Amino acid sequence: MSPINVWRALLAGALAVGAAAVALPAHAAGAALTATFVQTSTWNSGYGADYAITNTGDAASSGWAVDFDLPAGTTVTSSWSSVRTTTGNHYRFTNVAWNGAIAPGATVRFGFNVANLGVPANCLVNGAPCAGGSTPTTPTTPPVTTSPTSTPPTSAPPTTTPPTGSIVDVSTAVELSAALAAARPGQTIRMAPGTYNGAFLARTPGTATAPITLTGPVTAVLTNPESSGTNPGCSVPAAGFDPGYGVWLYEAAYWKLSGFTVAGAAKGIMIDASPHVTIDGVYVHDIGDEGVHFRRSSADGVIQNSRIERTGTGQPQYGEGIYLGSANANWSCYGNTGGIDASDRVQVLNNVVGPDVAAEHVDVKEGTVAGLIRGNTWNGTGIAGQNSADSWLDVKGSNYVIADNTGTFRAPGVFANGYETHNPTAGSGCGNIFRGNRSDLGGVGAWAINVTSTSKCAGNLNVVYGSNTVTNATSGLTNIAVTPGQ
């Protein structure tokens, strides 16, 4: 063959290959997930951990499921940012509504606490190995740590140097405990992302002009699943006593709590004898009893722009989302010198409460007065109905304004009425004003606003304005006369 013919033949072959290459199908975009296990804290009988799920693909995921096995005798005791199911020693965690879509290159996390020290094996994410390759060999004993484990601390160890400065950055549970113990007016304690397992107690008050701030991103998760030690009575701080609270302010006025998450605790955020506390933009979920509690005359507080769900996981009858004051039977412990728990003038603003809040979304206790509950969203799905907790709000306090809230109910759950008033003590449950509330009772609830007594409130009646609306009620808007306007 002549050189020119050889050249023509090669050119024809190259063109043919190029044409074949052009004809190949385009690469299909898709999500590719990996899941990485990280122990975030350890103690002598268990540990806390996260799984970080990363999308290494080139399209967003639509959801995820992480499966793994734990050795016999090791169990998950609590979890957050996920839905957990268990079959024997096999655990599956799936996304919740807000963290299933993972953008390319992004990471989401879910966490859990474990009793005993075995670690996960046979991890799969969406049915594929968590490492993204072949099934990894996973140890069945905990990794070696550089320092001995211990029970989660309730205060800074003696060797920890107290932090100073107007901004204190912390990234471990020990650092956080030390910062809380050493907090001073005007200081900001800033948490890095991660899980903080321990008993986090603050006792130093700020001032009106120099409040103390505890802040962090939603990925800074405070957890405290089990109480320990001896309760000295009436839940006051004492050496060696851990009540299982996620965050505990005791005689600590003028604090601001913002941004972070409390999950997997026996109780969520407890405010005791601490007036002028503001809670802003926190996420509280998977709590054994109540989510947020203003107690011991913690007056003039605010909780706003926050999200509370899945409370009452340990005791549904005590699983209130937000709790204001104390029942009169507990005033001997939590009342002031006059006997009443005067957690007065607390404002509950623009929060989302539910689903799966097992008791009332807000329980307003007798003896409290003059609060404001406005602009909130109640999702009643999952109300347990135990201990007569079968409404979004039970208002036993007096002279509250309940306005511009939106409530819904859908099965499952036990639901009697949207809002209820009760009068357990003389003069309580009176003078409350309801205006502009929108209620969808799901075809189950009777009244949007049920006022149990008018005779007990003579001279200070509860008022239901015509600006309230209701749909899907078995009885109607309210059982008392509607006041026109407003």
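Residues numbered from 1 in each chain as written. Predicted model: local features only at pLDDT ≥ 70, side-chain atom pairs only at ≥ 80, totals over all residues. Heavy atoms only, no water.

Asks: Explain the layout of surface pockets to me, using residue names and the numbers behind them.
Replies: Space inside the second largest pocket adds up to approximately 510 Å³. K267, E290, Y318, Y323 and N330 are the residues nearest the centre of the second largest pocket, which is lined by 33 residues in total. A per-class count over the lining of the second largest pocket returns 10 nonpolar, 13 polar and 10 charged. (1 Å grid on protein atoms, 1.4 Å probe; cavity = no way out; pocket = protein on both sides within 12 Å on 5 of 7 lines; lining within 4 Å. Points joined across faces, edges and corners; volume = space filled by probe spheres on them. Nonpolar A, V, L, I, M, F, W, Y, C, P; charged D, E, K, R; others polar.)

Asks: Could you give an account of the nonpolar core, with specific residues and numbers?
Replies: One finds L176, W255, F260, I269 and I279 to be the most contacted residues of the largest nonpolar core, which totals 62 residues. A35, Y47, I102 and V125 belong to the second-largest nonpolar core, a separate cluster that totals 22 residues. (Core = buried A, V, L, I, M, F, W, Y, C linked by side-chain atoms within 4.5 Å. Buried < 20%, exposed > 50% of the residue type's maximum accessible area, 1.4 Å probe, protein only.)

Asks: If you had to explain unusual backbone geometry to someone new, which residues and values would you point to?
Replies: In this chain, G354 is followed by P355 through a cis amide linkage whose omega measures 10°. For S235, which is not a glycine, the phi torsion comes out positive at approximately 50°. When you line up the elements, S235 lands in the loop between strand 15 (220-223) and strand 16 (245-250). Accessibility expressed as a relative area gives 9% for S235, which makes it buried. For N350, which is not a glycine, the phi torsion comes out positive at approximately 60°. On the secondary structure map, N350 appears in the loop between strand 26 (347-349) and strand 27 (352-353). Owing to a relative accessible area of 44%, N350 belongs among the partly exposed residues under this scheme. (Helix = DSSP H or I, 4+ residues; strand = E, 2+ residues; numbered from the N terminus.)

Asks: Provide a residue-level description of the sheet that holds strand 5 (residues 83-87), including the pertinent values.
Replies: Read across the sheet, five strands follow the order 5-6-3-8-9 without closing on themselves; strand pairing throughout is antiparallel. At either margin of the open sheet sits one strand with a lone partner, and together these are strand 5 and strand 9 (128-129). As paired strands, strand 3 (residues 65-69) and strand 6 (residues 90-94) are joined by five bridges and run antiparallel to one another. Bridge pairing in strand 6 places A65 opposite T94. (Pairing = 2+ DSSP bridges.)

Asks: How would you explain the pattern of salt bridges if you had to name every residue and give the values?
Replies: Under the counting rule described, the total for this entry stands at 14 salt bridges. E251 is the partner of R203 in a salt bridge, and the nearest nitrogen-oxygen pair spans 3.7 Å. In this pair, R203 sits in the loop between strand 13 (201-202) and strand 14 (212-215) while E251 sits in the loop between strand 16 and strand 17 (255-258), placing the two residues 48 residues apart along the sequence. Here R203 falls in the partly exposed class, since its relative accessible area comes to 42%. According to the relative accessible area criterion, E251 is partly exposed, its value standing at 43%. (Salt bridge = Lys/Arg side-chain N within 4 Å of Asp/Glu carboxyl O.)

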